[in-house]
Amino acid sequence: MKRTVYYVLCALLTCCVCAAWVALIWLEISRTGDIPLRIILLAVAALCALLRLDSLVHESGHLVFGLLAGLHLRRVSFGRVSFGEGGVRLGSRSAAGETQFSLKKPQNAHASLIAATVGGPVLGILFGVVMLVLYYVLPTHPALTFFTLFSLWCFAEAVMELLPAELPAGKTDGLMLKELVQKTGETEVAVRVMQAQLLAKDGDYTDIPRGLLYDVPVIREDSPAFMQLLRLRAAYCAVAGDADGAAEAQSRLRSIEEDA
């Protein structure tokens, strides 16, 4: 999906959320007549969206689904705070959120990573649906109104993440899911790298099938995944006694690093 189309669709979704917010607040005011409180709730919900607090819900989905799928958590971050391997850290700059996993076993890697990737959008959609149901089932309360307003943005953000697009900040979950299912692109190369690293964790490259490192899709050579793949190829060929293959991989890697 082209970025322009993605941005247009996201703008439409944002407009829909804003319209839903106004309609919900109007309904609240007509019921209670408490205009100041309702306006404050709307403003707080909008501030939460601007601060990307929806990432708490989104990354929690990745975290829970990834752990249930049997992946090893490396690090999860929300804004400036992150935790995982190495403990809790406070970053120098704020980020919307990121969850990093590694494989525990090379088998069923695609299925596990698909589960982790889809977890973020799924939890956002579930949160939005559940809060809307609770809003119409439970008695009116300011806290319920706020979480319903907030959940509407989480729902829209989840739908945006499911749209397959390559953005300046990286790939959306939708594009990663597409590549995981089709076994194409940089995502597939990254999966091959993780599998090979796990098989060679004790320094024994003999258990790595040659096709795992060489039968890969064509991607940009300056991508981190491809450069790591070249390092694995060089080590694999060196252990296998393929001096020409090792020299070729090292030469290609040096050329990419010099051009970077």
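Our structure is the block above this text.
How each quantity is defined
Residues numbered from 1 in each chain as written. Predicted model: local features only at pLDDT ≥ 70, side-chain atom pairs only at ≥ 80, totals over all residues. Heavy atoms only, no water. Helix = DSSP H or I, 4+ residues; strand = E, 2+ residues; numbered from the N terminus. Buried < 20%, exposed > 50% of the residue type's maximum accessible area, 1.4 Å probe, protein only. Contact = heavy atoms within 4.5 Å. Areas by Shrake-Rupley, 256 points an atom, 1.4 Å probe, with all protein chains shown as cover. Lys, Arg positive; Asp, Glu negative; His and termini not counted. Charge placed at Lys NZ, Arg CZ, Asp CG, Glu CD. Phe/Tyr/Trp six-rings, centres within 6.5 Å; stacked < 30°, edge-to-face > 60°. Lys NZ or Arg CZ within 6 Å of the ring centre and 35° of its normal. Salt bridge = Lys/Arg side-chain N within 4 Å of Asp/Glu carboxyl O.

**Student:** Explain the overall build of the protein to me, please; I cannot follow it from the model alone.
**Tutor:** Regarding its fold elements, the protein presents ten helices and four strands. The N-to-C order of helical and strand elements in the protein reads α-α-α-β-β-α-α-β-β-α-α-α-α-α. Oriented by its inertia axes, the alpha-carbon framework of the protein measures out at about 80 × 35 × 35 Å. The 260 residues of the protein split such that 40% are buried. Put simply, of all contacts in the protein between residues at least 6 apart along the chain, 60% involve residues at least 24 apart. For the protein, the accessible surface area stands at approximately 14100 Å², while carbon and sulfur atoms represent 64% of it. Considering the protein, the positive charge centre built from 23 side chains and the negative charge centre built from 25 side chains are found 4 Å apart.

**Student:** What is the right way to look at the environment of Gly203 in this model?
**Tutor:** Following the sequence through the fold, Gly203 ends up in the loop between helix H7 (185–199) and helix H8 (210–214). It is 19 Å that separates the C-alpha atoms of Gly203 and Met227, two residues lying 24 residues apart in sequence.

**Student:** Looking at this model, I keep getting lost on the packing of aromatic side chains. Mind explaining?
**Tutor:** Where two aromatic rings form a pair, the distance of their centres and the angle of their planes describe that pair. On inspection of all chains with the given rule, the structure shows five aromatic pairs. Seen from their ring centres, Tyr6 and Tyr7 are 5.9 Å apart, and the 65 degrees between their planes marks the pair as edge-to-face. Summarising the aromatic geometry, the rings of Phe127 and Phe150 are spaced 6.2 Å apart at their centres and angled 70 degrees between planes, so their arrangement reads as edge-to-face. Remark: Phe150 occurs in helix H5 (residues 142–162) and Phe127 occurs in helix H4 (residues 109–137); sequence separation between them is 23 residues. Seen from the ring of Tyr214, Arg210 lies directly overhead, with NZ or CZ sitting 4.2 Å from the centre. Across from the ring centre of Tyr214, 4.5 Å away, lies the NZ or CZ of Arg233, which sits over that ring.

**Student:** Can you walk me through the pattern of salt bridges in this structure?
**Tutor:** Proximity of charged atoms lets side chains of opposite charge pair with each other. Evaluation of the coordinates by the stated rule reveals six salt bridges. When the shortest N-O distance is used, the salt bridge between Glu28 and Arg38 registers 2.7 Å. Of this pair, Glu28 sits in helix H1 (residues 3–32) while Arg38 is found in helix H2 (residues 35–50), placing the two residues ten residues apart along the sequence. A relative accessible area of 4% means that Arg38 is categorised as buried. Taking the shortest distance from any N to any O, the salt bridge between Arg231 and Glu257 comes out at 3.5 Å. Here Arg231, found in helix H9 (residues 224–240), pairs with Glu257, found in helix H10 (residues 243–259); they are 26 residues apart in sequence, far enough to count as distant. Overall, Arg231 belongs to the partly exposed group, its relative accessible area being 35%.

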